[in-house]
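Results of the structural survey
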Amino acid sequence: MKKVLTFGVFDYFHYGHLKLFERCKKYGDFLIVAVQRGEEILKNKPDAHVLYTTEQRKEIVSAVKYVDSVIEYRQVDEDIVNIDFDVLILGGDQTHAGIMRAVKWSEEHGKEVVRLERTPGICSSDIKKSLS
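Here goes a summary of the coordinates provided. Small disclaimer: the values here were computed from a predicted structure and weren't measured.

**Overview of the environment of Ile 41**
- With respect to the helices and strands, the residue Ile 41 is situated in helix 2 (residues 38-44).
- On the basis of relative accessibility, which here comes to 6%, the residue Ile 41 falls in the buried class.
- C-alpha separation for the pair Ile 41 and Val 9, spaced 32 residues apart in sequence, amounts to 7.8 Å.
- Leave out the neighbours within four places in its chain, and Ile 41 touches Val 9, Gln 36, Ala 48, Val 50 and Arg 57.

Okay, structure coming up:
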């Protein structure tokens, strides 16, 4: 069984997230979605407005038919070493230092790394701005 892993906050769940999961599932048999803990989001972005709790975001993500497992994570580069997966899928815009360390670790440990572009016209940041 080929296990696929993707990471994200998944607050303000939208059509782009759904399409991401659908596309991820095409790379393997089992899709694991890691949802970042709320307190960690605020550590990295103290001004962030998080709409849903970690548990609520996990529940939303787990309801998507493409998703087989939902887990929590704190920091992608620290937690990735404890997850059993074969393919890491990231968005093209995920380029911060922690992601880059996770990519390096994945490549060094024989994991396939795939970058997917956003669903055209959909952006969480733009959605948040439009609701302000």
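**A closer look at the nonpolar core**
- If you look at the biggest cluster of nonpolar residues, it comprises 17 residues, and the most contacted ones within it are Phe 21, Leu 31, Val 33, Val 61 and Val 67.
- Listing elements by their share of this core, those giving two or more residues are helix 1 (15-25), strand 2 (30-36), strand 4 (87-91) and strand 5 (112-116).
- Listed in part, the 15 residues of the second largest apolar core include Phe 7, Ile 80, Ile 83 and Ala 102.

**A look at the pattern of salt bridges**
- Per the stated rule, a full pass over the model turns up ten salt bridges.
- Glu 22 serves as the salt-bridge partner of Lys 19, at 2.3 Å between the closest nitrogen and oxygen. Separated by three residues within a single helix, Lys 19 and Glu 22 lie in helix 1, roughly one turn from each other.
- With a shortest N-O distance of 3.5 Å, Glu 55 and Lys 58 are connected by a salt bridge. Remark: Lys 58 and Glu 55 occur in helix 3 (residues 54-62); sequence separation between them is three residues, near one turn of the helix.
- Overall, the relative accessible area of 18% leaves Lys 58 in the buried class.

**Thoughts on the environment of Glu 40**
- The topology assignment puts Glu 40 in helix 2.
- Note: C-alpha distance between Glu 40 and Tyr 73 (33 residues apart in sequence) is 8.6 Å.
- Discounting residues that sit within four places of it in the chain, Glu 40 has contacts with Arg 74 and Gln 75.

**A look at unusual backbone geometry**
- The residue Phe 10 is not glycine, and still its phi comes out positive at about 60 degrees.
- Relative to the helices and strands, Phe 10 is located in the loop between strand 1 (3-8) and helix 1.
- Residue classification places Phe 10 among the buried residues on the basis of a relative accessible area of 5%.
- Positive phi is not limited to glycine here, since Tyr 12 has a value of about 50 degrees.

The rules behind the values
- Every chain's residues receive numbers from 1 upward, in the order its sequence appears when written.
- Local features in a predicted model are, by the rule used here, given only for residues with pLDDT of at least 70; side-chain atom pairs are given and counted only at 80 or more, and totals for whole chains, interfaces and linings are based on all residues.
- To get the side-chain values, take all heavy atoms of the structure and skip hydrogens and water.
- By definition, any uninterrupted DSSP run of H or I lasting at least four residues is a helix, any uninterrupted run of E lasting at least two residues is a strand, and each is numbered from the N terminus.
- We call a residue buried when its accessible area falls under 20% of the maximum for its residue type, exposed when it is over 50%, and partly exposed in between, using a 1.4 Å probe and counting protein chains only.
- By definition in these notes, contact holds between two residues if any of their heavy atoms fall within 4.5 Å.
- We call a set of buried Ala, Val, Leu, Ile, Met, Phe, Trp, Tyr and Cys residues a nonpolar core when their side-chain atoms join them within 4.5 Å.
- In the sections that follow, a salt bridge refers to a side-chain nitrogen of Lys or Arg positioned within 4 Å of a carboxyl oxygen of Asp or Glu.

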